[in-house]
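Fold and geometry: a report
Below are the chains, spelled out letter by letter.
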Amino acid sequence: MSHLVLSRKYRPKNFDEVVGQHHITTTLKNAIKASRLSQGYLFYGPRGTGKTSIARILAKSLNCQTGIIPICCGKCSSCLEIDAGKSLDVIEIDGASNRGIDEIRALRERIAFGTASSRYKVYIIDEVHMLTNEAFNALLKTLEEPPPHIIFIFATTELHKLPKTVISRTQSYEFRKIPRPAIEKELLRIKEIEGFSVKEEVLALISRLSDGSLRDAEVSLEQIISFNPNATVSEISDLMGMCNREAIQELLTIILASEPRAVLAKINSLMDAGFLPDQIMKQLIEEMEGLILSAVSEGVPSIDWVIEAGDILRDGYERMRRLGSFSSILLQIACLKMCRIGGRIEKSEVRSENREVGRQEAGEKGEGTEAQRHRGTEEDRSQESGVRSRESGKKEEG
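Some details on the pattern of salt bridges
Tallied over the entire structure, the rule returns 16 salt bridges. Salt-bridge contacts for E194 lead to K9; the nearest nitrogen and oxygen are separated by 2.8 Å. Highlighted residues: E194 in helix α8 (residues 180-194) and K9 in helix α1 (residues 6-9), separated in sequence by 185 residues. Assessed through its relative accessible area of 26%, E194 is described here as partly exposed. The salt bridge involving D211 is made with K177; its shortest N-O contact spans 3.1 Å. Highlighted residues: D211 in the loop between α9 (200-209) and α10 (214-227) and K177 in the loop between β5 (171-174) and α8, separated in sequence by 34 residues. Of the residues examined, K177 reaches a relative accessible area of 44% and is grouped as partly exposed.

Topic: the sheet that holds β5
Strand order across the open sheet formed by 5 strands is β2-β3-β4-β1-β5, with parallel pairing between neighbours. A strand with exactly one partner marks an edge of an open sheet, and here the two such strands are β2 (90-94) and β5. Strand-to-strand twist of the sheet, defined as the mean angle between neighbouring strand axes without regard to direction, takes the value 15 degrees.

A word on unusual backbone geometry
Of note in the backbone geometry, S35 takes a positive phi value of approximately 55 degrees without being a glycine. On the basis of relative accessible area, S35 is assigned to the exposed category, the value being 63%. Of note in the backbone geometry, D211 takes a positive phi value of approximately 55 degrees without being a glycine.

Things to note about the side chain of Q283
With respect to the secondary-structure elements, Q283 resides in helix α14 (residues 277-298). Side-chain polar atoms of Q283 contact the backbone nitrogen of C243, separated by 2.8 Å. Those residues in contact with Q283 that lie beyond four places of it in its chain are M242, C243 and I248.

A few points about the packing of aromatic side chains
If you walk through the whole model with that rule in mind, you get 6 aromatic pairs. With 5.8 Å between their ring centres and 80 degrees between their planes, F43 and Y173 make a pair best called edge-to-face. With F43 in strand β1 (residues 40-44) and Y173 in strand β5, this residue pair connects regions lying 130 residues apart in the sequence. The class of F43 is buried, set by a relative accessible area of 0%. A residue is classified by how much of its surface remains accessible, and Y173, at 10% relative accessible area, is buried. Between F152 and F154, the aromatic rings sit 5.9 Å apart at their centres with planes inclined by 40 degrees, giving tilted as the arrangement.

What about the state of the cysteines?
Evaluation of the coordinates by the stated rule reveals 0 disulfides. No disulfide involves C76; its sulfur sits 3.5 Å from the nearest other cysteine sulfur, which is in C79. Of the residues examined, C76 reaches a relative accessible area of 10% and is grouped as buried.

Looking at α8
Relative to the 21 Å expected for 15 residues at 1.5 Å per residue, α8 spans 21 Å between its end C-alpha atoms, a close match to the ideal helical length. Listed as buried for α8 are I183, E186, L187, I190 and K191. Angular distribution of buried residues about the axis of α8 spans 145 degrees; they occupy a single face of the element. The outward face of α8, more than 90 degrees from its buried face, is lined by the exposed residues P181, K185, E192 and I193. Each element contacted by the buried residues of α8 is listed here: α1, α9 and α10. Directly after α8, the chain includes G195, whose backbone phi takes a positive value near 75 degrees.

Notes on a nonpolar patch on the surface
On the surface, I292, V296, I303 and I307 cluster together to form a nonpolar patch covering roughly 380 Å² of accessible area. Of all the secondary-structure elements, those providing two or more residues to the nonpolar patch are α14 and α15 (303-322). Among the structural elements, I307 can be located in helix α15.

Overview of the packing of helix α12 (residues 245-256) against helix α13 (residues 260-272)
Running from N to C, α12 and α13 point in directions that differ by 160 degrees, and their axes come no closer than 9 Å. By the angle between their directions, the pair α12 and α13 is classed as roughly antiparallel. Handedness of the crossing formed by α12 with α13: left-handed. Contact residues: α12 offers A247, E250, L251, I254 and I255, while α13 offers A262, V263, K266, I267 and L270. Partitioned by chemical class, the residues of the contact of α12 with α13 number 8 nonpolar, no polar and 2 charged.

What counts and how
Residues numbered from 1 in each chain as written. Predicted model: local features only at pLDDT ≥ 70, side-chain atom pairs only at ≥ 80, totals over all residues. Heavy atoms only, no water. Salt bridge = Lys/Arg side-chain N within 4 Å of Asp/Glu carboxyl O. Helix = DSSP H or I, 4+ residues; strand = E, 2+ residues; numbered from the N terminus. Buried < 20%, exposed > 50% of the residue type's maximum accessible area, 1.4 Å probe, protein only. Pairing = 2+ DSSP bridges. Axes fitted to C-alpha atoms, helices over the stretch in contact; angles between N-to-C directions. Polar contact = N/O pair within 3.5 Å; in protein donor to acceptor, adjacent residues only side chain to side chain. Contact = heavy atoms within 4.5 Å. Phe/Tyr/Trp six-rings, centres within 6.5 Å; stacked < 30°, edge-to-face > 60°. Disulfide = S-S within 2.5 Å. Expected span 1.5 Å × (residues − 1). Arc of directions from axis to C-beta. Patch = residues over 30% accessible without salt bridge, like charges linked within 9 Å, V, L, I, M, F, W, Y side chains within 5 Å. Areas by Shrake-Rupley, 256 points an atom, 1.4 Å probe, with all protein chains shown as cover. Parallel < 35°, antiparallel > 145°, perpendicular 65-115°, else oblique. Left-handed = near helix turned anticlockwise from the far one by under 90°. Nonpolar A, V, L, I, M, F, W, Y, C, P; charged D, E, K, R; others polar.

Spelled out as C-alpha cells, the structure:
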C-alpha cells in the first residue's frame, strides 16, 4: 500500500472532527437539522483552514444513504466514494485551470442533467477568484436560480477578488486561522496514534510556525519525522531556516541602542550565515510580542517606540512579499528606520522633560513673586494705617 501523507490521512471525515471552525460547523449542522439548505455557499479564509474539507463533509451529509443528517455515517458507498474523490455527483473543479467562459458554459450544460445516484449534485469550485469576469457573468443566472438538485460550494483565499453579484447570491462563511493550542493538540493526537517520538516543545514550535494553518503544521510534522524524530528545537530551527532566538534578541538590542553601523553588520552576518531576510523580518515581528508586554508593564522600551517599530516591520514585511528580489534591502531599511525612531523618541522625551522642568521652575518663580507681592501689599497697608493714626492725633491736639 502506498504511503498516504498525514494531511490527507487525518483529514476530518465529519463536522465533529473539524478543528478550529466551530462557528461554521455548528451553523451548517443546524441548517441541515432544520432543512434550511442554501443552493450556494461561499467559503473564504486563509489556506489550510478546512474550506475544501468542510465542502466535502457537507456533500457527504447531504448525500449520505442513511439520510440528510448533520453527522454522516462515513460507511455507505456514497460517503466512501466522496472520501476517495470518485463520486459522480460531487464534482471538484480547480478555478485556476478552468477559469474561462467555455468551461463555465460546459458546466451549465451538464447542470441540466440529473444526478447519477445521489440526492444532490454538488459542484465544489476551489480558488473561485481565479475565474474571469466573463465566466462569472455566465454563471450568475444559474447561480441565482439553479435546478433543485444542484448545490454550489465556492472556496477562495481572496474574497476581495470576487464580484459583489456572486457574493450576494451565496451564503458566506469566514474561515479563521486555527489557534495555536488547537493545532498543537491535534499534532499531539497524531503523534500518539502514529507512535512518533517527537518532543512536545517541537510540536509547539511547529504550531507557532504554521501561522494558523493545520495543513502546513501536518506537512511540517511529516518533514521533521523524515529528518529526525528525536530532533531538538535548535535542530528544527536550522531545518526550517530560522535564526536562533538569541541572535534576533541581540539584533533588537542593537536597534534599541540606535547603532546603525552595528545593526547593518549584524544583519549582514545573519544573511552570510544563510538566513533569509524575510525569515529574519518575520522573527523580528514575532519577537515584538515580548517587547509589547515589557513596554506596558515596565515602560522599557517606550510604548511609542513599540507602536512605531511595529508599523515599520509590518510595512517592510508586506513590501517583501510584493518585491521578493529586494528583500535584503527592505530588511536593512526597516531596521535603520527603527534605529532612527529610537533616537527621535529619546530626544522628544528629553525635550518634554525639559519643558516640565521649565514649567516647575516657572511655577516656583511665580510663587516667589506672588509672596513678594503679598508682603509688599502688607507693608503698604501698615504704612497707610500709621499715617492715618498720626493725622488723627494731630487733629485731637488741635
